[in-house]
2 protein chains.
Amino acid sequence: MQILKTIEQLQNIRKTISSNVGFVPTMGALHDGHISLIKKARLENEIVIVSIFVNPTQFLPGEDLDAYPRRDEADKRICELCKVDYLFMPEISTMYSKEEVLIKAPNKSYILEGLTRPGHFDGVLQVVLKLFGIVQATNAYFGKKDAQQLSLISQMVKNLFLPINIVPCEIVRENDGLALSSRNVYLSTEQRSEALLISKSLYSAGALVAKGELNTTIIKNKILEIMKNLDVEYVAIVDREFNEINEIELKNSIILIVVRFGKTRLLDNIWL
Amino acid sequence: MQILKTIEQLQNIRKTISSNVGFVPTMGALHDGHISLIKKARLENEIVIVSIFVNPTQFLPGEDLDAYPRRDEADKRICELCKVDYLFMPEISTMYSKEEVLIKAPNKSYILEGLTRPGHFDGVLQVVLKLFGIVQATNAYFGKKDAQQLSLISQMVKNLFLPINIVPCEIVRENDGLALSSRNVYLSTEQRSEALLISKSLYSAGALVAKGELNTTIIKNKILEIMKNLDVEYVAIVDREFNEINEIELKNSIILIVVRFGKTRLLDNIWL
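Remember, predicted model here, so these are calculated numbers, not experimental data.

Chemist: I'd like a rundown of the packing of aromatic side chains, residues and numbers included.
Modeler: Residues and elements named next belong to chain B. Scanning all chains against the criterion turns up eight aromatic pairs over all chains. With a centroid separation of 6.4 Å and 70° between ring planes, the pair formed by Phe 23 and Phe 132 is classed as edge-to-face. Residue Phe 23 is found in strand β2 (residues 21-26), and its partner Phe 132 is found in helix α6 (residues 120-135); the two are separated by 109 residues along the sequence. The exposure classification of Phe 23 matches that of Phe 132, with both residues buried.

Following this line, the structure appears as structure tokens:
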């Protein structure tokens, strides 16, 4: 595996590659969720490129940019074990200059995650577009856990007619159901145990739907009942375009949950 | 020459091309200025793609979108004569959908052209980025006449690390010095004759600089004196990054002029 720090290095190597390139953009602190993306990329492409870049423009003032977990050495080891070909680890000054052309996510970026994090998705789209420009991947792998992010990135690719295939990947969970997240390290033992109610409520919702219940108010109430002792930020049921819906449409609905544990926000969801 | 209406057609053809692609994006009403871009593209690339698309998002409310000159049949003929390989002529509904990821040009897009046309460059960058996404050109050709547009497109390419080479092309003029523009057709005979003072004042400014005059206030005054009977919107002297300057730096300065003739705005400039 080759570790690349500059854009020129990556661009020069890219020019020599004519086969399929699979790309996994990350902010590091790699866990089994990321590993599943890398493995899928490894299976489906001749060349695999992973990036690790904690992107400042997607953090709002007061958010955990400085505290965001960084584990460069462990991450490098993981990428090596996953047989990544190129690991791209640029500095902030490599990726950004002073005055920039910006990306403005559409209005639906200001609901749900965007409601508590206004402007967050502008920063996400900006860095993803930069990385797509540099890497020129055939396939790019994103987890379904950040469902709204995945939806907005897919929309950007569609709107800008980018020649890249976005591959949505399943959420990876601990054996007890907790969705993997780099932010799970912030949880105390007690919080971690309480957090299990999130996936539990999603499973119950899935079971309700399987029994034929399609009314989203009833489903939401069931979820809220299970999580009644948690600091729930939102429970939302949306279609794949992120419009809130009153009735579940099979193969086109997502139930999204965000719960706060102190300063830590945990996201989870289920795609129906 | 093949005329393409859909993005899929162009994308499918593009996949089969492995040689250099030269791209000339236009809004049609082709004149010798455009033709010079196409000829340069023809010389420097195996494949030449021209687009004709009057892009609605770069026109402000009340501007001349509906009145913008359209001469599809003449344009097709010109492209054919210039040995264009593919002419891309999409409909608005092909290029845009309802809710879109937008591009936000940097602050310097709100001076000069952006001052009278706020948001204009957001629309320009949006359509250019879409076209770049579709065409995946090696080289893209833009006239120096729209100097601020050229500067912002170059910045976008740099900021987003797009693998495309922007080729700036010289302004083409009538024998009497008038810079070619699709909007020249709006001019009355009298206005057209008055408009010659624009290029005349630029030549005089160039001569002043050649004699060693570098003070931009003196140069501007000279220009304004020559154009004293015209409705001058602005005369600006900037560096290549579009910062206003007090002293000419050779090989890094542009003198920009905009003059109004009724509703018609004529742009011209000289690169020193």
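Let's pick the thread back up.
Chemist: Let's hear about the interface of chain B and chain A: which residues, and what values?
Modeler: When the parts of a complex come together, some accessible area is lost, and that lost area is often used as the size of the interface. In this assembly, 26 residues from chain B lie in contact with 26 residues from chain A. For the pairing of chain B and chain A, the buried interface totals around 2300 Å² over both sides, and the portion due to carbon and sulfur atoms is 61%. Seen at the junction of chain B and chain A, the total is zero salt bridges. Between chain B and chain A we count 12 residue pairs in polar contact (both at pLDDT 80 or more) in total. Taken together, the elements giving at least two residues each to the side of chain B that touches chain A come down to α1 (7-15), α4 (92-95), β5 (102-104), α6 and α7 (147-159) of chain B.

Chemist: Any details on empty space enclosed by the protein? Residues and values, ideally.
Modeler: Residue and element names in this part refer to chain A. Inspection of every chain in the model, using the stated rule, returns two cavities of 30 Å³ or more. Estimated volume of the largest cavity: approximately 840 Å³. Lining of the largest cavity is provided by 48 residues; of these, His 34, Tyr 68, Lys 145, Asp 146 and Gln 149 occupy positions nearest its centre. The element best represented in the lining of the largest cavity is helix α6 (residues 120-135), accounting for six residues. Looking at which domains feed residues into the lining of the largest cavity, each of domain 1 (2-169) and domain 2 (182-271) supplies at least three. Lining the second largest cavity are Lys 145, Gly 177, Leu 178, Ala 179, Ser 181, Asn 184, Ala 195, Ile 198, Ser 199, Leu 266, Leu 267 and Asp 268.

Chemist: Now, about unusual backbone geometry: what can you tell me, with residues and values included?
Modeler: The phi dihedral of Lys 83 of chain A falls on the positive side, at around 60°, and the residue is not glycine. Relative to the assigned elements, Lys 83 of chain A resides in the loop between α3 (72-81) and β4 (86-88). Even without being glycine, Leu 112 of chain B reaches a positive phi, approximately 50°.

Chemist: Explain the sheet that holds β2 of chain B residue by residue, including any values.
Modeler: Strand pairing in a sheet relies on backbone hydrogen bonds. The paired strands run either parallel or antiparallel. Residue and element names in this part refer to chain B. Pairing within the open sheet is parallel, and its six strands lie in the order β1-β4-β3-β2-β6-β7. At either end of the open sheet lies a strand with only one pairing partner, and these are β1 (2-4) and β7 (165-169). Sheet twist, expressed as the mean angle between neighbouring strand axes with direction ignored, is 25°. As judged from the two bridges shared by β2 and strand β6 (residues 139-143), these two strands associate in the parallel manner.

Chemist: Could you give an account of the packing of helix α9 (residues 196-210) of chain B against helix α10 (residues 216-226) of chain B, naming the residues involved and the relevant values?
Modeler: All names here are of chain B. Contact geometry of α9 with α10 gives a least axis separation of 9 Å together with a crossing angle of 150°. Between α9 and α10, the angle is such that the two are roughly antiparallel. Both α9 and α10 take part in a crossing whose hand is right-handed. Residues Leu 197, Ser 201, Ser 204, Ala 205, Leu 208 and Val 209 of α9 pack against Ile 219, Lys 222, Ile 223 and Ile 226 of α10. A per-class count over the contact of α9 with α10 returns seven nonpolar, two polar and one charged.

Chemist: Tell me about the UniProt feature "active site" (unreviewed entry) in chain A, and please be specific about residues and values.
Modeler: Residues and elements named next belong to chain A. Taken from the UniProt record, the annotation "active site" (unreviewed entry) applies to His 34. Tracing the backbone shows His 34 in helix α2 (residues 32-44). Those residues in contact with His 34, other than ones at most four positions away along the chain, are Thr 26, Gly 28, Ala 29 and Ser 182.

Conventions and cut-offs
Residues numbered from 1 in each chain as written. Chains lettered and ligands numbered in written order. Predicted model: local features only at pLDDT ≥ 70, side-chain atom pairs only at ≥ 80, totals over all residues. Heavy atoms only, no water. Phe/Tyr/Trp six-rings, centres within 6.5 Å; stacked < 30°, edge-to-face > 60°. Helix = DSSP H or I, 4+ residues; strand = E, 2+ residues; numbered from the N terminus. Buried < 20%, exposed > 50% of the residue type's maximum accessible area, 1.4 Å probe, protein only. Contact = heavy atoms within 4.5 Å. Buried area = accessible area lost by both parts, 1.4 Å probe. Salt bridge = Lys/Arg side-chain N within 4 Å of Asp/Glu carboxyl O. Polar contact = N/O pair within 3.5 Å; in protein donor to acceptor, adjacent residues only side chain to side chain. 1 Å grid on protein atoms, 1.4 Å probe; cavity = no way out; pocket = protein on both sides within 12 Å on 5 of 7 lines; lining within 4 Å. Points joined across faces, edges and corners; volume = space filled by probe spheres on them. Domains from an automatic or database assignment. Pairing = 2+ DSSP bridges. Axes fitted to C-alpha atoms, helices over the stretch in contact; angles between N-to-C directions. Parallel < 35°, antiparallel > 145°, perpendicular 65-115°, else oblique. Left-handed = near helix turned anticlockwise from the far one by under 90°. Nonpolar A, V, L, I, M, F, W, Y, C, P; charged D, E, K, R; others polar. UniProt positions renumbered as here; feature names shortened; annotations may be inferred.

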